[in-house]
Amino acid sequence: MTLRHMKIFRSLCEHDCNTTKTAEALHMTQPAISLAIKELEQYYGVVLFDRIGRRLYMTEVGRQFLQYASHITSLFDDMEKGLKDWESFGILRVGASITIGSQFLPRYVKAFYTEYPGTEIRAIVGPSNHLEEKLLENELDFALVEGIPHTPSIVSEAYMEDHLSIICPADGRYQEGQMLSIEQFKQQKFLLRERGSGTREVFERVTEGAGVSVSPIWEAMSTTALINAVIEGLGIAVLPYRMVVGPVEQGLVTTIGVEGLNFHRNFYIIRHKDKYLTASAKAFLDLCRRYESEYPAPDHSASIRIHFGNIDQSGL
């Protein structure tokens, strides 16, 4: 059985089992598509599609075969890309969750370009669950996220410690470092990151573990928007410590704690368990692991004046 058969099968699945659309996409005839599928079924002695009326419906064994075909064809594509780009030390496709992508990834990439100027890095910044999908579809080599993966075929490695901070308006209602009871915490108006983000997952894991159910009045992908909402007195937010250092130091917000709740967490490197890592990928991940110990921390004060001085809603 050839790689061509697997690519045709995969394309047919990706086009809703429609032979007309698949034939157009692959510049083939419909009979050629049908013949390739028939040859697959005869070779393995299985039925990959149920034929009901004029439509095809993937069987359970067809779904299992799709996993193999996707992996095999993706590995072949990796080989093609890796060999063709080898002289330029490769192209890295890096994903990062929104917190890491806005706060750390630009510095990682700048430092890496200094050490390896011949490498090209293509980045996607988005929610952690979106990045997992990209890894499964082989559209990323690896990703840096705030939560653990949900798919068994994705492996993770903790590479940096972090914690979430509870911030509230600096209007005198609460003092810096004050501890709330669980009951006081439940009564707050919550401004949270969107579902699917690593920050939201950590928040929900901790609160649900303590028997606390929260319904936010605000949800946003923008950390800056949430901080500004807290500054304006709209509620409290639970956000990565490194993202709120500046507003805290300027006295724009106050950090508090809650009895019995611990929002410590790790940042993770995640990748598909079968993904081959090139020399450049391994070098980039090694830089991420040692970054905090070898590179100075940035000065937050200047960026905070830019982001929060005029209540900028378009930021992180």
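The structure displayed is predicted, hence computed values, not measured ones.

## Remarks on a nonpolar patch on the surface
Next up, step 1: Taken together, the side chains of Met1, Tyr43 and Tyr44 define a hydrophobic patch exposed on the protein surface, amounting to about 310 Å² of accessible area.
Next up, step 2: With respect to the helices and strands, tyrosine 43 occurs in helix H3 (residues 30-44).
Next up, step 3: Given the relative accessible area of 53%, tyrosine 43 is considered exposed.

## What about the confidence of the model for the protein?
When pLDDT is low, close inspection of the predicted coordinates is not appropriate.
Next up, step 1: This prediction gives the protein a mean pLDDT of 86; 90% of its residues lie at or above 70.
Next up, step 2: Within the protein, helix H13 (residues 300-308) has the poorest average pLDDT of any element, 42, and strand E5 (residues 142-145) the best, 96.
Next up, step 3: Within the model, the stretch residues 299-316 combines pLDDT values under 50 with 35 contacts to residues more than four positions away or in other chains.

## Observations regarding the environment of histidine 272
Next up, step 1: Counting through the fold element by element, histidine 272 comes out in strand E12 (residues 264-272).
Next up, step 2: Taking the C-alpha atoms as reference points, histidine 272 and tyrosine 43, separated by 229 residues in sequence, lie 29 Å from one another.
Next up, step 3: At 3.0 Å, the side chain of histidine 272 forms a polar contact with the backbone nitrogen of aspartate 274.

## Digging into the pairing of strand E10 (residues 236-240)
Next up, step 1: In terms of burial, E10 is a largely internal element, five of the five residues being buried.
Next up, step 2: The pairing of strand E6 (residues 154-169) with E10 spans four bridges and is classified as antiparallel. Considered in E10, the bridge of serine 165 is made with leucine 239.
Next up, step 3: Two strands pair when backbone bridges link them, and strand E8 (residues 190-193) and E10 are joined in this way by two bridges, in the parallel orientation. What sits directly across from leucine 191, in E10, is alanine 237.

## Considering unusual backbone geometry
Next up, step 1: Its identity is not glycine, yet aspartate 16 carries a phi of approximately 60°, on the positive side.
Next up, step 2: Locating aspartate 16 in the fold gives a position in the loop between helix H1 (3-14) and helix H2 (19-26).
Next up, step 3: One non-glycine residue with positive phi stands out, namely histidine 27, at about 60°.

## What to know about the environment of histidine 130
Next up, step 1: In this structure, histidine 130 sits in helix H7 (residues 128-136).
Next up, step 2: Given a relative accessible area of 30%, histidine 130 falls into the partly exposed group.
Next up, step 3: Along the chain, histidine 130 and glycine 95 lie 35 residues apart, while their C-alpha atoms are 9.6 Å from each other.

## Focus on the packing of H1 against H3
Next up, step 1: Two elements in contact, H1 and H3, have axes whose closest approach is 9 Å; the angle formed by their N-to-C orientations is 115°. One element, H1, and the other, H3, form an angle in the roughly perpendicular class. The handedness of the crossing between H1 and H3 is left-handed. Residues His5, Met6, Ile8, Phe9 and Leu12 of H1 form the contact with H3, whose participating residues are Ile33, Ala36, Ile37, Glu39, Leu40 and Tyr44.
Next up, step 2: Taken together, the residues of the contact of H1 with H3 sort by class into nine nonpolar, one polar and one charged.

## Concerning the packing of H2 against H3
Next up, step 1: Where H2 meets H3, the closest approach of the two axes is 8 Å, and the angle between their N-to-C directions is 105°. It follows from the interaxial angle that H2 and H3 lie roughly perpendicular. For the pair formed by H2 and H3, the contact residues are Thr19, Thr20, Thr22, Ala23 and Leu26 on the first element and Gln30, Ile33 and Ser34 on the second.
Next up, step 2: Here the residues of the contact of H2 with H3 sort into three nonpolar, five polar and no charged.

## A look at the environment of glycine 62
Next up, step 1: Structurally, the position occupied by glycine 62 is in helix H4 (residues 60-84).
Next up, step 2: Under the relative-accessibility criterion, glycine 62 is labelled buried at 0%.
Next up, step 3: Put simply, glycine 62 and phenylalanine 49 are 13 residues apart on the chain and 6.6 Å apart in space, counted from C-alpha to C-alpha.
Next up, step 4: Apart from the residues lying within four places of it in its own chain, the contact partners of glycine 62 are Phe9 and Leu48.

## Thoughts on the packing of aromatic side chains
Next up, step 1: Taken as a whole and judged by the stated rule, the model has 14 aromatic pairs.
Next up, step 2: An angle of 55° between the planes, with centres 5.7 Å apart, marks the rings of tyrosine 44 and phenylalanine 65 as tilted. Residue tyrosine 44 is found in helix H3, and its partner phenylalanine 65 is found in helix H4; the two are separated by 21 residues along the sequence.
Next up, step 3: Ring centres 5.1 Å apart and planes at 75° place the aromatic pair tyrosine 108 and tyrosine 291 in the edge-to-face group. Of this pair, tyrosine 108 sits in helix H6 (residues 105-115) while tyrosine 291 sits in helix H12 (residues 279-294), and the two are 183 residues apart along the sequence. Of the two residues examined, tyrosine 108 and tyrosine 291, each falls in the buried class.
Next up, step 4: The rings of Phe9, Tyr43, Tyr44, Phe49 and Phe65 are connected pair by pair, giving a single aromatic cluster.

Quick notes on the rules
- Residues numbered from 1 in each chain as written.
- Predicted model: local features only at pLDDT ≥ 70, side-chain atom pairs only at ≥ 80, totals over all residues.
- Heavy atoms only, no water.
- Patch = residues over 30% accessible without salt bridge, like charges linked within 9 Å, V, L, I, M, F, W, Y side chains within 5 Å.
- Areas by Shrake-Rupley, 256 points an atom, 1.4 Å probe, with all protein chains shown as cover.
- Salt bridge = Lys/Arg side-chain N within 4 Å of Asp/Glu carboxyl O.
- Helix = DSSP H or I, 4+ residues; strand = E, 2+ residues; numbered from the N terminus.
- Buried < 20%, exposed > 50% of the residue type's maximum accessible area, 1.4 Å probe, protein only.
- pLDDT = per-residue confidence, 0-100.
- Contact = heavy atoms within 4.5 Å.
- Polar contact = N/O pair within 3.5 Å; in protein donor to acceptor, adjacent residues only side chain to side chain.
- Pairing = 2+ DSSP bridges.
- Axes fitted to C-alpha atoms, helices over the stretch in contact; angles between N-to-C directions.
- Parallel < 35°, antiparallel > 145°, perpendicular 65-115°, else oblique.
- Left-handed = near helix turned anticlockwise from the far one by under 90°.
- Nonpolar A, V, L, I, M, F, W, Y, C, P; charged D, E, K, R; others polar.
- Phe/Tyr/Trp six-rings, centres within 6.5 Å; stacked < 30°, edge-to-face > 60°.

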